[in-house]
Each structure stands twice: as C-alpha cells, then as structure tokens.
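Structural overview
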Amino acid sequence: MDSQQKDPRRDGHDPFRFPKWANAIRLPVTLAAALAPLYILGLLYLLFSPGATSVGYQPEQPVPYSHQLHAGQLGIDCRYCHTGVETGAAATLPPTSVCMNCHATVRTQSEKLQLVRESFATGMPIPWVRVHDLPDFVYFDHSAHVRRGVGCESCHGRVDKMEVVRQSAGLNMAWCLECHRDPVPHLRPEDAVTVMGYAPDEPQFELGRRLRDARNITPKTDCSTCHR
Amino acid sequence: MPRFMKSAAVVLTLLALIPLLVLVKDRVTDSERPRLSLVYDMDDQDKVKTQRASELFADGRSMRPPPAGTVARDEPVGRDHLRDGRIDTLWVETFPAPVTRAMVERGRERYGIYCAPCHGLAGNGDGIVAKRAEALMEGTWVPPSNLADATVRARPVGHLYNTIRHGIRKMPAYGSQIGVDDRWAIVAYVRALQAAQAGSPADLEPADLAALGPPPAPEPAATTTQQ
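Residues numbered from 1 in each chain as written. Chains lettered and ligands numbered in written order. Predicted model: local features only at pLDDT ≥ 70, side-chain atom pairs only at ≥ 80, totals over all residues.

**Observations concerning the overall build of chain A**
In plain terms, the rule: Secondary structure elements are taken from DSSP: a helix is a run of H or I of four residues or more, a strand is a run of E of two residues or more, and numbering for both begins at the N terminus. In this treatment the radius of gyration is a C-alpha quantity, and the globule benchmark scales as 2.2 Å times the residue count to the 0.38 power. Buried residues are those with 20 or more other C-beta atoms within 10 Å of their own C-beta, exposed residues have 12 or fewer, and partly exposed residues lie in between; C-beta atoms are placed from the backbone. We call two residues in contact whenever the C-beta atoms placed from their backbones are within 7 Å.
Check the secondary structure of chain A and you find 11 helices and zero strands. Ordered by position from N to C terminus, the α and β elements of chain A give α-α-α-α-α-α-α-α-α-α-α. On C-alpha atoms alone, chain A measures out to a radius of gyration of 29 Å, which is more than a quarter above the 17 Å that the 2.2 N^0.38 rule sets for 228 residues. Dimensions of chain A, computed from the C-alpha atoms along their principal axes, are close to 105 × 50 × 35 Å. For chain A, the residues scored as buried account for 20% of the 228 residues in total. The contacts of chain A with a sequence gap of at least 6 include a subset with a gap of at least 24, amounting to 72%.

Here's what the structure looks like:
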C-alpha cells in the first residue's frame, strides 16, 4: 500500500513542490516584494517631511489667548508684546505684567484670565507651549530678519486670524534656504514689517528687488550662518 | 489557488494603505502633537536658550531675574536728565538731546505701537482698546487722558517721560517695554501731536506756513493723523 503513492502533482500536497497555482501569482508577488521597500521609504519620507509634522502644529495653550482678538480686531502691533523682536535673537514672549497692562482693569473677573492673575500674584511664569520651535543646533535671529524688512507674516502666517496659534510654515532647512537664496518675494519697507496681509502698491518682485539693492541684502547660505 | 489567498491579499493591501492614509490626514489637518524628530537629542538639547523652562529652579525659569540693585549694561547711570527726566525733585523742561526729525519719526512709530491702542492715533484718548474697554462697562476701566488737554500740555517733558517709564494713576508703567531713547522720542512726538491740535498758525515758521497754503474758510475740522 505504501508503495502506491499518489502522484503529488495531481493533488498538489507535496510539501517539496510549489503547487500549480503558484505560477499564476508569480508576477503579483514579485511586484509586491519589489515595491514594498519603496512604499515604506515613501511613507517614512512623508512621516518626517515638514508638511506632515511641522505645518499645522497647533497645541492647546494654558491661557486661551486669542491673537485674532488682540492683533486682529484690536490691531495691537506685534511689538507691543514681542518687544525683543527688533533687537534680539528671540522675539520673546511678554512677561505676565504686559498682559496686566490692560487686564488689571479690563475683564478683571474673566475665568479665562485666572492663570494670568495667579501668575501676576505669585510670580510663577505662565507655562506657554512653544509653537515655532527650531532645532537647538539652529541659531535664528529675529532682529536680523525684521530689521531687513522680512515681514512677521512671511514665517508666521496670518497670526491676526488665528484664534489659537498654528504653525503655518515648515521651518525646515530647505524652506529657510529658499528665502536665503532669493529674499525678493519677502522684502518689505521697514515700517510694514508687522503689517498683516501686506499688499504693496507695486509688484512685489520690483519692490523686493529695489529694497534688496538699496539695503544690500545678501543672505548667506553657508553652514555657519545658522549652525555654529 | 486556495480561496483564503485572495482574501488575504485584499486584507493585506488594505492594511498597508492605513499608514498612508494616516499620513495624508496628518498633512491636511492640524495637530496638537509637535514635530517628529529623527535626532531628538540634537533637536532638543539639554541646554538653556532664551525663555526656556528649567527644572533646576523652583519657579521653572531658566532666565533668572537680576538681583536687586543690578545695573543694566546700557543704563545711563549718573545721567539724571536722560534717565529720570528729573533733576533732584524738578521735572526737566528740556529734552536731553536736540530734537531731530528722525527722533520725532521714531517717536511716531513707537507711539503707534505702545500708546495708540489707548490714547488713539491723534492722542485724543479714543484708541480702539479704550473704546472696547468702555463698551464693556465693567466699572474698573479708567479712560485714558486726552494728550491734547491743557493739563497734559502744561506738563514738563520730564513728567511725560516719567509717566511713560513708571505709569500714572491707572496707566501702567511702560519702562520694561520702551527703552530710554524711545521714551524721549515718544515725548517729542506727543509734543508734536499737541502742537498740531492746540497750536496756532503763528507758531509756524513763515516758510512752513506758506507750504500749507491758504487757511480753510470753514470751521476747522477734527484733526486726524494718518498711520
């Protein structure tokens, strides 16, 4: 009986042979095996590209401060609070006392401002969440950009329309270099730096070129400009 | 081909699409999560940068407040006229430096940033913040002064300077936001605003008066400055 083995090719159960139908899936399986690494690489690229991770970062803040109200509706200049922006590397968040300039007498009972009042009374800082956070090996200087006429809006977007601040640019190196190679699209007169929704009277490329030549703006692209 | 192979292929393909869909969703929506970093220990180094939090100190600040009595590097020590607007107990009546056009222009810009929200662009106390605060009718709000009022016009420039630096009544101190030079520039611009509203044609140089052309016949309209 043992010698009367069935032909393995007929029922397809020989563990040492591929079944016949394997021929039919040869092409799809080969393709899948070849494309899978590409697909995974593509996913990784998307995962770490600025579009997926940086743009649209909108953390919840400890105090529901609205730029849309303060900078938009009330039209308070950016520099009223961010006083360091013209003179230092950091634009600086205002101390609680600046909030209290107004809120010592306006909306003194507001629940939303509870933390501000506590901070003012105790001296403990408000734990604001940083939105625009460059890697620590990048040395960005706000004053260098603002004083050459790069508008706040160019990097931070329409903050005057943001109820909660949202990162609107990737802030990745390719993005920085784009402007360092050709700053013309982002140059404005110095008195329009904090203007939101800036619309020059002349074509931007003419204005930008004129300002670039007048102020001799030649952004560097070598490594040590930003990495030291 | 066994039947399960076909369904397995379909299921696997769909599973493989899930990460792609998640990433595409990430690209088109906002997120409360910060950026992913490949080299997190280089992106976020254990070092202190401006306004970074620190666990080392009880108040969580890495930037330490200066000890009492610290003199800032650029503080004009010993120059009372410039720094205090006051010599001994008397408010100074003169500017510490000659008033130039550049200084007044600078003052106008700074005035627009720090003062106009309450005092208004023309200094009449009708700034947009003041208007809104009044509309709230909370009872805690005190309207800002009209800078063209006779009382404010009569103040020595040193007093105006001191008001910017230390505040007055309900007006908060702006010394931390506005530096010494800018405070004087704003005072110069406030003087210009006052002259624009309370001055008379006789105050002008003949050449400037001629440049203005003939005076308007009807009653003077409300003055507004343009930003």
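**A look at the overall build of chain B**
Across its full length, chain B holds nine helices and two strands. Walking chain B from its N terminus toward its C terminus, one meets helices and strands in the order α-α-α-β-β-α-α-α-α-α-α. Across its three principal directions, the C-alpha atoms of chain B cover 105 × 55 × 40 Å. Looking at the 227 residues of chain B, the share that counts as buried comes to 22%. Contacts spanning at least 24 positions in sequence make up 55% of the contacts within chain B whose residues lie at least 6 apart.

**Describing the nonpolar core**
One recurring pattern in soluble globular proteins: nonpolar side chains tend to sit buried together. Residue and element names in this part refer to chain B. Operational definition: Think of a nonpolar core as buried Ala, Val, Leu, Ile, Met, Phe, Trp, Tyr and Cys residues, each tied to the set through C-beta atoms within 7 Å.
Counting residues in hydrophobic clusters, the biggest one holds 41 residues, and the most contacted among them are Ile186, Val187, Tyr189 and Val190. At eight residues, the largest contribution of residues to this core is made by helix H8 (residues 180–198). Filtering out sequence-adjacent residues up to four positions away, isoleucine 186 remains in contact with Gly107, Arg110, Tyr111, Cys115, Ile164 and Ile178.

**A word on the packing of helix H7 (residues 157–166) of chain B against H8 of chain B**
Residues and elements named next belong to chain B. The cut-off we apply is this: Axes here mean lines fitted to C-alpha atoms, for a helix over just the part in contact, with angles spanning 0 to 180 degrees between N-to-C directions. Note on angle classes: values under 35 degrees are labelled roughly parallel, values over 145 roughly antiparallel, values of 65 to 115 roughly perpendicular, and the remainder oblique. The hand of a helix crossing depends on one turn: near helix anticlockwise from the far one by less than a right angle means left-handed, and clockwise means right-handed.
Relative to each other, H7 and H8 sit at 125 degrees, their axes nearing to 9 Å. In terms of their interaxial angle, H7 and H8 are classed as oblique. The element H7 and its partner H8 pack so that their crossing is right-handed. Of the residues in H8, those in contact with Val157, Leu160, Tyr161, Ile164 and Arg165 of H7 are Arg183, Trp184, Ile186, Val187 and Val190.

**Focus on the confidence of the model for chain B**
Selection rule: The pLDDT value expresses, per residue, how confident the predictor is, ranging between 0 and 100.
Looking at chain B, the pLDDT average stands at 84 and 94% of residues meet or exceed 70. Listed scores for the predicted complex are pTM 0.81 and ipTM 0.79.

**Concerning helix H1 (residues 3–28) of chain B**
What counts, and what does not: Multiply 1.5 Å by the residue count of a helix minus one, and that product is the helix's expected span. Two axes enter the definition of the bend at a residue: one is fitted to the seven residues ending there, the other to the seven starting there, and the bend is the angle between them.
Taking 1.5 Å per residue as the helical rise, H1 of chain B with its 26 residues ought to reach 38 Å, and the 38 Å between its terminal C-alpha atoms agrees with that figure. The sharpest bend along H1 of chain B reaches about 25 degrees and sits at isoleucine 18 of chain B, with the proline proline 19 of chain B one to four residues further on.

**Re the environment of glutamate 153 of chain A**
All names here are of chain A. When you line up the elements, glutamate 153 lands in helix H9 (residues 152–156). Judged by C-beta crowding, with 21 C-beta atoms within 10 Å, glutamate 153 ranks as buried. Sequence spacing of glutamate 153 and phenylalanine 48 is 105 residues, and the spatial spacing of their C-alpha atoms is 25 Å. Here glutamate 153 is in contact with Arg158, Met196 and Tyr198, once residues within four sequence places are set aside.

**Digging into the packing of helix H2 (residues 26–48) of chain A against H1 of chain B**
Inclusion rule: Each residue is assigned to one class: nonpolar for Ala, Val, Leu, Ile, Met, Phe, Trp, Tyr, Cys and Pro, charged for Asp, Glu, Lys and Arg, and polar for all the others, Gly among them.
For the pair H2 of chain A and H1 of chain B, interaxial distance at closest approach is 10 Å and the crossing angle is 25 degrees. On the basis of the axis angle, H2 of chain A is roughly parallel to H1 of chain B. Judged by the sense of rotation from one axis to the other, the crossing of H2 of chain A with H1 of chain B is left-handed. Contacts between H2 of chain A and H1 of chain B involve Leu43, Leu46 and Leu47 of chain A from the former and Pro19, Leu20 and Leu23 of chain B from the latter. Grouping the constituent residues of the contact of H2 of chain A with H1 of chain B by class yields six nonpolar, no polar and no charged.

**A closer look at the environment of isoleucine 113 of chain B**
Counting through the fold element by element, isoleucine 113 of chain B comes out in helix H4 (residues 101–119). By C-beta crowding, isoleucine 113 of chain B is classed as partly exposed, having 19 other C-beta atoms within 10 Å. When near neighbours in sequence (up to four residues on either side) are disregarded, isoleucine 113 of chain B contacts Asp77, Arg79 and Tyr80 of chain A.

**Comments concerning the confidence of the model for chain A**
On average, residues of chain A carry a pLDDT of 87, and 93% of them reach 70 or more. Element-level mean pLDDT values for chain A span from 56 in helix H1 (residues 8–11) of chain A up to 94 in helix H5 (residues 78–81) of chain A.

**Quick notes on unusual backbone geometry**
Residues other than glycine seldom take positive phi values, yet arginine 107 of chain A does so here, at roughly 55 degrees. For arginine 107 of chain A, the location among the structural elements is in the loop between helix H6 (96–103) and helix H7 (114–122). Positive phi, close to 60 degrees, is recorded for aspartate 88 of chain B, a residue that is not glycine. Owing to 6 C-beta atoms within 10 Å, aspartate 88 of chain B belongs among the exposed residues under this scheme.

**Some points on the environment of cysteine 155 of chain A**
Residues and elements named next belong to chain A. Relative to the helices and strands, cysteine 155 resides in helix H9. Judged by C-beta crowding, with 19 C-beta atoms within 10 Å, cysteine 155 ranks as partly exposed. On a C-alpha basis, the gap between cysteine 155 and cysteine 81 in space is 18 Å, while along the polypeptide they are 74 residues apart.

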